[in-house]
Structure formats: structure tokens, C-alpha cells
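# Survey of secondary and tertiary structure
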Amino acid sequence: MRIISTYLIGLVFGIGIMMSGMANPAKVLNFFDVFGTWDASLIFVMGGAILVAAPGYWLVVARPAGKPLMGEAFHVPQNRKLDMKLIAGSATFGVGWGIAGFCPGGALPAIGTLNPAVLTFTAALVVGIFTAKFTQNLTARRANSAAA
């Protein structure tokens, strides 16, 4: 049942991303082009996502003793501080989204189109993830050896 529900949730998400235009880099880039061919329609997509997600998130936070239907516990971030890692990651995400016109949520459902731009972005995304993990591990090892 868990696999089926995961598949259905991913399917609904992918269809929503495709229907909203967030998988279309031209639409996304026009959203960022405030002084040119600005397309404000993605504000409604993001606003709709917040309206759907906020009550569910509020219920999870308001009832921390509650248990999900298909899991042992809700996975809510415990770190609530703004640090350099969060700010740098957010900035990198935003700059990458603005340059490429894709975000991971919009690119992954579009992989099936076999568009070379989508495939290139996704490959760069995977390389970036592994590079970030490698850098984090290297930094942690150096910090541990310096402390010892």
C-alpha cells in the first residue's frame, strides 16, 4: 500500500507541475523577467501550493504526538536557525532556477519528454548533489582530524 500511495502522490505532483507550466523553462524564465515579458501566473501556482501545504504542515506541528498513516513518525526539520549553509543553498537554488528555468520539482516530471535541456539539467543536478555531499564529508573529516 505504501508503494502505491507513493506512486499516486508522485503522479499527482508530476501532473500538477506539468499542467501549471513549471516544467516549461520559458514560462519560468518569463516569471523571473520582471522588467521584460513578465508572466505572473506562477505566483498563483506557488500561492496554491502554500494554501494546500500550510494546513497540513500546521496539523503536523500542532499535533506532534500524532502518527502518519503509513509511517512511524512525521519528519519535520528540527533546525530552525538561519545559517550560512541554508542561505548559500537557497541562493544557489534560486540562481540555478533563474539561469536554467528548471527547478528539480519541475525537471523530474519532464524527464519523460527526453528534452536535451531537461536531461542536461538533471545530470548537472545529480553531479551537484554528489559534489555537495563529497564537500560536506571532506569538510567534516578535516574538522574531526583538526579537533583530534
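These lines cover the structure that appears in this document, whether it is placed above or below. The structure presented is a predicted model; accordingly, all values stated were derived computationally and were not measured.

Cut-offs used in this document
- Residues numbered from 1 in each chain as written.
- Predicted model: local features only at pLDDT ≥ 70, side-chain atom pairs only at ≥ 80, totals over all residues.
- Heavy atoms only, no water.
- Core = buried A, V, L, I, M, F, W, Y, C linked by side-chain atoms within 4.5 Å.
- Buried < 20%, exposed > 50% of the residue type's maximum accessible area, 1.4 Å probe, protein only.
- Helix = DSSP H or I, 4+ residues; strand = E, 2+ residues; numbered from the N terminus.
- Contact = heavy atoms within 4.5 Å.
- Phe/Tyr/Trp six-rings, centres within 6.5 Å; stacked < 30°, edge-to-face > 60°.
- Polar contact = N/O pair within 3.5 Å; in protein donor to acceptor, adjacent residues only side chain to side chain.
- Expected span 1.5 Å × (residues − 1).
- Axes fitted to C-alpha atoms, helices over the stretch in contact; angles between N-to-C directions.
- Parallel < 35°, antiparallel > 145°, perpendicular 65-115°, else oblique.
- Nonpolar A, V, L, I, M, F, W, Y, C, P; charged D, E, K, R; others polar.
- Salt bridge = Lys/Arg side-chain N within 4 Å of Asp/Glu carboxyl O.

## Examining the nonpolar core
Of all hydrophobic cores here, the largest spans 13 residues; its most connected members are M22, L42, W97 and F102. Residue assignment for this core shows that the elements contributing at least two residues are α2 (25-32), α5 (104-110) and α6 (116-147). M22 has contacts with I17, V28, L42, V45, W97 and G106, leaving out every residue within four places of it along the chain.

## Looking at the packing of aromatic side chains
In this description, a pair of aromatic rings is defined by centroid distance and the angle of the planes. Across all of its chains, the model carries 4 aromatic pairs by this definition. Judged by centre distance (5.5 Å) and plane angle (40°), the rings of F102 and F121 are tilted. Here F102 is found in the loop between α4 (84-100) and α5, whereas its partner F121 is found in helix α6, with 19 residues between them in sequence. When sorted by exposure, F102 lands in the same class as F121, which is buried. Members of the aromatic cluster, connected to one another through ring pairs, are F31, F32, F93 and W97.

## Structural notes on the side chain of S20
Residue placement: S20 occurs in helix α1 (residues 2-20). Polar contacts involving the side chain of S20 include one to the main-chain amide nitrogen of M22, which spans 3.4 Å. With residues up to four places along the chain from it excluded, the contact list for S20 reads K27, L42 and V45.

## Considering α6
An α-helical segment advances 3.6 residues per turn. Residues three or four places apart therefore align on the same side. Its 32 residues give α6 an end-to-end C-alpha distance of 46 Å, which sits within 8% of 46 Å, the value for a rise of 1.5 Å per residue. Buried within α6 are the following residues: V118, F121 and T122. Each element contacted by the buried residues of α6 is listed here: α4 and α5. Sitting at the head of α6, N115 places a side-chain oxygen 2.9 Å from the backbone nitrogen of A117.

## Description of the packing of α2 against helix α3 (residues 41-62)
Running from N to C, α2 and α3 point in directions that differ by 95°, and their axes come no closer than 9 Å. Taken together, the axes of α2 and α3 are roughly perpendicular relative to one another. Taken together, the residues of α3 that come into contact with α2 (itself represented by K27, V28 and F31) are S41, L42, I43 and M46. When the residues that make up the contact of α2 with α3 are grouped by side-chain class, the tally is 5 nonpolar, 1 polar and 1 charged.

## Describing the pattern of salt bridges
A full pass over the atoms with the stated rule returns 1 salt bridge. K27 is the salt-bridge partner of D39, the closest N and O atoms lying 3.1 Å from each other. Pair noted here: D39 is in the loop between α2 and α3 and K27 is in helix α2, with a separation of 12 residues, a long-range link.

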